[in-house]
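Chains, contacts and geometry: an overview
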Amino acid sequence: MRYLSFTALTVRIGIALATWTFFQPDEYYQSLEVAHHLVFGYGQLTWEWLAPKPIRSIVYPALNVPVYWLLKVLNLDSTDALIWGPKLLHGALAACTDIWVAHLARRVVGERYVDATVFFSLTSFFHGLSLSRSISNSAETSLTIVALSYFPFDTSVSHWRTDLRKAVLFAALACAIRPTNAVLWIYMFMYLLWTLRRRFKDLLSVFINAFWIGASVLLTVIGLDSLYYGKLTLTPINFLLTNASSVSLFYGRSPWHYYLSQGIPILTTAALPWVLHGTYLATQSSAPSSLRVILGLVIWTVSVYSLAGHKEWRFLHPLLPIMHILAAKSFVDLHGHKTISAAGTRFRRLLVLLSIPAVMYVALFHGRAQVDVIRHLKHLAPEGPAPIGFLMPCHSTPWQSYLHRVDLIDDGMLWALGCEPPLHGQDVSRYQDQTDVFYASPFGYLKSRFPDKVDPAFPPSALPRSKPGVDTNETRSWRHEWPRSLVFFGALLDQPDVKKLLLDLGYGEVWRAEHGWEGDERRRGGVRVWTFREDK
């Protein structure tokens, strides 16, 4: 495909700028919010950053730091550039996946399949949903594909050692962002070592290059993290140990077949038939050996990830470009078959293009109200103290990285319900966080933890949410003051006596928005903003 870089950058940056919906809390709380806190000095840090042994590296959020710093220096941080700047950055990073998957396809299956691979990549529903967002899995995907595009599948060529060093560098960077990415590289380097088993000098070269490049990246990560946290910090080790514990199960447990029955079908969507057929073709003796290798990588990674209790679609995102190569193998081979008519070819292309309306829906409508409400609150002109409280499942909206209101720095002025995990050995099956306690009896929570009347001076709340990284048993004495504004999902008003209580206190609706379908019943009914009216 000609002008691939321009096309990829245009598509990915265009999607990034057009996206105004909520997908994953990590898009904000493990990325933008951390960088905002580092540059501007305020923002919400979650338990991953505040635990005694932090599990998150500053490496990925730090990508946003130059953007925020420049906006701060130019005094543009109060404009919409605060939001558009990171979007441009992550859109450009996303384009790397489309550009380098073409290089990988060329090396694995040949030039004939490159255009089809790029076609599947650019029209991918999941890429459209996630790749241009500020989620670590998206950067991990781009770095993984760049590394694989340099991987020395053919060690008979003279430049394979140079390619190896590039592959190791980008693989190490991917592991720095997501330590679990190491699972992929265990397989790939075991394959490489096996192919070189009779070439001692080459084996030694692989070990030396992997060691010094990997060690350099690891020491850089440790140095940056230790500088950020103010003490020696080994976030990759902390990350792996924490996720190997029961803490990960607090965020959900899925059956062993989750990635097969849900993950891969959702990631590939309309491309699934070609992925399956391409998988079959890759097992044939006539298939290129490198195609069988990357198929093995998919099988290996899905198998290992399936052993974990907690699973999410996005954890497989780095494998999606490989599946697009498998799909391209099928698509091109079928297209060239004499029994396939021109009408059949057009139908197959149309089927793939059906992903585009789905991308438009998730980028423009689904979960939009959760972002729009922050835009509304950002531009409010406060008259005196104006605390805001969010009675929602935790991390349901962006925070200061979008709101950027210095008058709401204090936790007592801007608060949301907490959801700290059981970090101190509590039974996961019986453990309840603050959000669970609230939704068990919303009316009971409001009556027992809020004053009987609204104080028109709107003092800050003493302990409105759980303290991240602190034993929740020590902080369950949550106490709130009634804020000037409350933000919640409309479904809360359907809870017994809640609406009557708010009306009796003097609150009334001033803003609402609802876009798209919502599966979680707690998040239904759109987003509402109710404000205290002193004339009531």
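Since the model is a prediction, treat every value here as computed from it, not as a measurement.

What about the pairing of strand S3 (residues 485-489)?
When a strand is regular, its side chains alternate between the sheet's two faces. When you tally the buried positions in S3, you get five out of five residues, the bulk of the element. A two-sided burial pattern is seen for S3, the buried positions comprising Ser 485, Val 487 and Phe 489 on one face and Leu 486 and Phe 488 on the other. Inspection of the sheet shows strand S1 (residues 388-391) paired to S3 by four bridges, in the parallel sense. What sits directly across from Ile 388, in S3, is Ser 485.

Some points on the state of the cysteines
Counting across every chain of the model gives one disulfide. Across the disulfide from Cys 394 sits Cys 419; the S-S distance is 2.0 Å. Looking along the S-S bond of the Cys 394-Cys 419 disulfide, the torsion reads about 90°, which is the right-handed sense. Of this pair, Cys 394 sits in the loop between S1 and helix H20 (400-403) while Cys 419 is found in the loop between strand S2 (414-416) and helix H21 (434-440), placing the two residues 25 residues apart along the sequence. Judged by its relative accessible area of 17%, Cys 394 is buried.

As for the packing of aromatic side chains
Aromatic rings in a pair are described by how distant their centres are and how their planes are angled relative to each other. Evaluated as defined, the whole model comprises 35 aromatic pairs. Between Phe 119 and Phe 120 the ring centres are 6.1 Å apart and the planes differ by 65°, which places this aromatic pair in the edge-to-face class. Consider the rings of Phe 151 and Phe 153, whose centres lie 5.2 Å apart with planes at 65°: the pair is edge-to-face. Phe 153 shares its class with Phe 151; the two are buried. Pairwise contacts between aromatic rings join Trp 415, Phe 438, Tyr 439, Tyr 445, Phe 450, Phe 458, Trp 478, Trp 482, Tyr 507 and Phe 532 into one cluster. It is Arg 197 that lies over the ring of Trp 194; its NZ or CZ is 3.9 Å from the centre.

Comments concerning unusual backbone geometry
The backbone of Asn 75 sits at a positive phi, close to 60°, despite the residue not being glycine. With respect to the element layout, Asn 75 can be found in the loop between helix H4 (65-73) and helix H5 (81-108). According to the relative accessible area criterion, Asn 75 is exposed, its value standing at 62%. The backbone phi angle of Thr 269 is positive, close to 40°, even though this residue is not glycine.

Regarding the sheet that holds S3
Pairing within the open sheet is mixed, and its five strands lie in the order S2-S1-S3-S5-S4. The strands lining the two open edges of the sheet, one partner per strand, are S2 and strand S4 (507-513). Pairs of neighbouring strands in the sheet enclose a mean axial angle of 20°, with direction left out of account. Against the sheet, helix H23 (residues 498-505) engages S3, S4 and strand S5 (527-532), with an angle of about 35° to S5.

A few points about empty space enclosed by the protein
Any empty space left between the atoms is revealed when a probe the size of a water molecule rolls over them. Considering all chains together, one arrives at seven cavities of 30 Å³ or more under this definition. A volume near 170 Å³ is recorded for the largest cavity. Arg 56, Ser 57, Tyr 60, Ser 136 and Ile 177 are the residues nearest the centre of the largest cavity, which is lined by 16 residues in total. Broken down by secondary-structure element, the contributors of at least two residues to the lining of the largest cavity are helix H2 (26-40), helix H9 (160-177) and helix H12 (235-244). Considering each element in turn, the lining of the largest cavity owes the most residues, three residues, to H12. Each pocket or cavity is described by its volume, and for the second largest cavity that value is around 120 Å³. Around the second largest cavity, the lining comprises 13 residues; the ones closest to its centre are Glu 27, Lys 87, Ser 132, Arg 133 and Ser 134. Looking at the lining of the second largest cavity, the elements that each hand over two or more residues are H2 and H5. Top contributing element to the lining of the second largest cavity by residue count: H5, with four residues. Class assignment for the residues of the lining of the second largest cavity results in six nonpolar, four polar and three charged.

Re the layout of surface pockets
If you add up the space inside the second largest pocket, you get close to 450 Å³. The wall of the second largest pocket is formed by 16 residues, among which Ala 171, Ala 172, Cys 175, Ala 182 and Gly 214 lie closest to the centre. Elements represented by at least two residues in the lining of the second largest pocket include exactly H9, helix H10 (182-195) and helix H11 (200-229). Of the residues that constitute the lining of the second largest pocket, the class distribution is 15 nonpolar, one polar and no charged.

What counts as what
Within any chain, residue numbers begin from 1 and follow the written order of that chain's sequence. Reporting of local features is limited, given that this is a predicted model, to residues whose pLDDT is at least 70; pairs of side-chain atoms are given and counted only at 80 or more, and all residues count toward the totals for whole chains, interfaces and linings. Excluding hydrogens and water, the side-chain figures rest on all heavy atoms present in the structure. Under the scheme applied here, a residue whose accessible area is under 20% of the maximum for its type counts as buried, over 50% as exposed, and between as partly exposed, the area being computed with a 1.4 Å probe on protein chains only. Where helices and strands are cited, they refer to DSSP runs of H or I of at least four residues and of E of at least two residues respectively, numbered from the N terminus. For two strands to pair, DSSP has to find at least two bridges joining them. The rule for a disulfide is simple: a pair of cysteine sulfur atoms within 2.5 Å. Aromatic rings from Phe, Tyr and Trp, taking only the six-membered ring of Trp, are treated as a pair when their centres fall within 6.5 Å; an angle between ring planes under 30 degrees marks them as stacked, one over 60 as edge-to-face, and anything in between as tilted. Over a ring means this: the NZ of a Lys or the CZ of an Arg is within 6 Å of the ring centre and within 35 degrees of the ring normal. The axes are straight lines fitted to the C-alpha atoms, using for helices just the contacting stretch, and the angles between their N-to-C directions are given from 0 to 180°. Two residues form a contact once any of their heavy atoms are found within 4.5 Å. Grid points spaced at 1 Å and placed over the protein atoms alone form the basis of the search, with a cavity being a set where a 1.4 Å probe fits but cannot get out and a pocket an open set showing protein on both sides within 12 Å along at least five of seven lines. Lining residues have an atom within 4 Å of a point. Grid points are joined across faces, edges and corners, and a volume is the space filled by probe spheres set on the points. Gly counts as polar in this scheme, as do all residues outside two lists: the nonpolar Ala, Val, Leu, Ile, Met, Phe, Trp, Tyr, Cys and Pro, and the charged Asp, Glu, Lys and Arg.

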